[in-house]
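Survey of secondary and tertiary structure
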Amino acid sequence: MKNYRILVLILIGTSALALAIGIGRFTYTPILPFMLEELNITKTVGGLIASWNFFGYLCGSLLSISSIFRKKIKFVFFISIVFSISTTFLMSINDEIIFFIVVRFISGLSSAFVLIFGTALILPSIQAFGEKSLSTSHFMGVGFGIVISSILVTILGNLGFHWYDLWIGVTILSIILAIPIFIYSPNETFQHSYSQNSNYKNNIGFTLITISYGLYGFGYVILGTFISTMARETTGLETTEMYIWLLVGLAGIPMVIFWPWFGKKIGNDLALFLACAIMGLGILMPVLLENKVGIISASILLGSTFIPITALALLEGQSRYSGSIRVSTAILTSSFSVGQMIGPYFGGVIIDLFNSYNIALSISSILLFIASILMINPTRFVNRKFTDIL
């Protein structure tokens, strides 16, 4: 019975993140090339639309800290699921840039709520069963959502459907995913932090991971936004567009289990250091190897790290923070949102300006290497009493 309940909890969390993040947020990546081509918009505008989604994500992260939501976690979670589905559908009904911006903003707001309130609902419930190592398993949903939406977008695109048809198609997927969420979601589980060092929190360690998480948000999002467009437009890479985003999702699903397990062996902060460094190398691959090997390597390394980093950072942040998981998740997600809000617009401008992806990807890679260093908990090197004062 215990294993069954844990599996149900993972299913709910997986469905929620697949719906709101894997589809609601990241379906924009494989659909973007169709929108750029059929609507004749620039990458700067495409990046701007993406940035507004992440601005909504930032606002949602900040709003979620409000005390008015403290006893309404499940209700807000359900409402956010509805808004996420609705905004995915609304992307199909109008082709005005302002309309896209407004819809993507609301979509970002709802996806942040789904992530934060869904995690606050699911993670403590799994930890209550004594299965801390499985507490971030629901982040597989991001990769799962990317995989199923990528397959659908590729099929519909090859059949000649238009950009708005693609949004309708992924909306149907979202509705299907919502069914187990509304049926099986648990009530909130109140839980104290599980860290053994409860007297050592709210210190420079949490500040550093917050800064690092913001740099990571900027670092991953340019490739995460434009990888399908880059595949379509780069000579010799055109055939990879059909599967390049699919590879990102496929690589991410098993790694959500691997990285927390690995983090348990060597420490979450060291696992985060390695994951960020590997992603930095991956994003640099299309610059170093301007062929199919480069972009395929980039997609696999991106997928195998960007979802697990989110899961690990939230778990590590929780262990360094003395308040509730909802607040630590919201603070980290806010920093992350600032980075990923700036990234797409900056990337679009740089790509249009130089007519190349190399400079934007190189900057992303550098920031990821910096983020990897900042992920390491300073208590490994500095006297604990000193850092506690900081």
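Whatever comes next refers back to the structure up there.
Residues numbered from 1 in each chain as written. Predicted model: local features only at pLDDT ≥ 70, side-chain atom pairs only at ≥ 80, totals over all residues. Heavy atoms only, no water.

A few points about the side chain of threonine 88
Take threonine 88: it is sitting in helix α4 (residues 73–90). A relative accessible area of 1% places threonine 88 in the buried class. Reaching out from threonine 88, the side chain makes a polar contact with the backbone oxygen of serine 84 at a distance of 2.9 Å. (Helix = DSSP H or I, 4+ residues; strand = E, 2+ residues; numbered from the N terminus. Buried < 20%, exposed > 50% of the residue type's maximum accessible area, 1.4 Å probe, protein only. Polar contact = N/O pair within 3.5 Å; in protein donor to acceptor, adjacent residues only side chain to side chain.)

Here's the deal with the environment of leucine 284
You can see leucine 284 is positioned in helix α10 (residues 268–288). Residues within four places of leucine 284 in sequence aside, it is in contact with Ser362 and Ser365. (Contact = heavy atoms within 4.5 Å.)

Details of the packing of aromatic side chains
The final tally for this structure, using the stated rule, is 24 aromatic pairs. Centroid distance phenylalanine 26 to phenylalanine 306: 5.4 Å. Interplanar angle 80°. Geometry classified as edge-to-face. Of this pair, phenylalanine 26 sits in the loop between α1 (2–23) and α2 (28–39) while phenylalanine 306 is found in helix α11 (residues 292–320), placing the two residues 280 residues apart along the sequence. With relative accessibility at 4%, the residue phenylalanine 26 sits in the buried group. With relative accessibility at 4%, the residue phenylalanine 306 sits in the buried group. Here the aromatic rings of phenylalanine 206 and tyrosine 321 are separated by 5.0 Å at their centres, their planes lie at 40°, and the arrangement is tilted. Note that phenylalanine 206 is positioned in helix α8 (residues 204–233) and tyrosine 321 in the loop between α11 and α12 (325–354), a separation of 115 residues in sequence. Pair check on accessibility: phenylalanine 206 and tyrosine 321 agree, each one buried. (Phe/Tyr/Trp six-rings, centres within 6.5 Å; stacked < 30°, edge-to-face > 60°.)

Remarks on the nonpolar core
Ranked by size, the top nonpolar core spans 107 residues in total, and within it Ile81, Tyr216, Tyr220, Met279 and Phe306 carry the most contacts. It is α8 that contributes the most residues to this core, 13 residues altogether. In this structure tyrosine 220 touches Arg25, Phe26, Phe54, Met279, Ile283, Leu302, Phe306, Phe336, Gln340 and Leu368, once residues within four positions along its chain are discounted. (Core = buried A, V, L, I, M, F, W, Y, C linked by side-chain atoms within 4.5 Å.)

Description of helix α13 (residues 358–374)
Taking 1.5 Å of rise per residue, the 17 residues of α13 would be expected to cover 24 Å, and the 25 Å separating its terminal C-alpha atoms lies within 8% of that figure. For α13, the elements touching its buried residues are α8, α10 and α12. (Expected span 1.5 Å × (residues − 1).)

Brief notes about the packing of helix α6 (residues 140–158) against helix α9 (residues 244–266)
How two helices pack is summed up by the angle between their axes together with the distance between the axes. Following both chains from N to C, one finds α6 and α9 inclined at 155°, their axes separated by 7 Å at the closest point. Here α6 lies roughly antiparallel to α9, going by the angle between them. Helix-helix and strand crossings are classified by hand; for α6 and α9 the assignment is left-handed. Contact with α6, carried on its side by Met140, Gly143, Phe144, Ile146, Val147, Ser150 and Ile151, involves Trp245, Leu246, Gly249, Leu250, Ile253, Val256 and Ile257 of α9 and no other residues of that element. Here the contact of α6 with α9 is composed, by residue class, of eleven nonpolar, three polar and no charged. (Axes fitted to C-alpha atoms, helices over the stretch in contact; angles between N-to-C directions. Parallel < 35°, antiparallel > 145°, perpendicular 65-115°, else oblique. Left-handed = near helix turned anticlockwise from the far one by under 90°. Nonpolar A, V, L, I, M, F, W, Y, C, P; charged D, E, K, R; others polar.)

Thoughts on a nonpolar patch on the surface
A grouping of Phe75, Ile79, Phe83, Ile98, Val102 and Ile106 is seen on the molecular surface, where their side chains present a nonpolar patch of about 560 Å² in accessible area. Secondary structure elements with two or more residues in the nonpolar patch: α4 and α5 (97–127). With respect to the helices and strands, phenylalanine 75 occurs in helix α4. Judged by its relative accessible area of 54%, phenylalanine 75 is exposed. (Patch = residues over 30% accessible without salt bridge, like charges linked within 9 Å, V, L, I, M, F, W, Y side chains within 5 Å. Areas by Shrake-Rupley, 256 points an atom, 1.4 Å probe, with all protein chains shown as cover. Salt bridge = Lys/Arg side-chain N within 4 Å of Asp/Glu carboxyl O.)

Some remarks on the packing of helix α3 (residues 43–63) against α5
The contact between α3 and α5 brings their axes to 6 Å, and the two run at 35°. The chirality of how α3 crosses α5 is right-handed.

Quick word on the pattern of salt bridges
Tallied over the full model, the rule gives five salt bridges. With its nearest N and O atoms 3.0 Å apart, the salt bridge here joins lysine 43 to glutamate 233. With a gap of 190 residues between them, lysine 43 in helix α3 and glutamate 233 in helix α8 connect regions that are remote in the sequence. Owing to a relative accessible area of 15%, lysine 43 belongs among the buried residues under this scheme. Accessibility expressed as a relative area gives 42% for glutamate 233, which makes it partly exposed.

Looking at unusual backbone geometry
In the Ramachandran plot, asparagine 40 falls in the positive-phi region, its phi being about 55° despite a non-glycine side chain. By the secondary structure assignment, asparagine 40 is in the loop between α2 and α3. A relative accessible area of 69% means that asparagine 40 is categorised as exposed. A positive phi is found at asparagine 355, a non-glycine position, where the angle reads about 55°. Of note, asparagine 355 is situated in the loop between α12 and α13. Assessed through its relative accessible area of 71%, asparagine 355 is described here as exposed.

Points about α4
The end-to-end C-alpha distance of α4, which contains 18 residues, comes to 26 Å, matching closely the 26 Å that a straight helix rising 1.5 Å per residue would cover. Among all positions of α4, only Ile73, Val76, Phe77, Ser80, Ile81, Ser84, Ile85, Thr87 and Thr88 are buried. Residues of α4 that are buried sit in contact with α1, α5, α7 (163–184) and α12.

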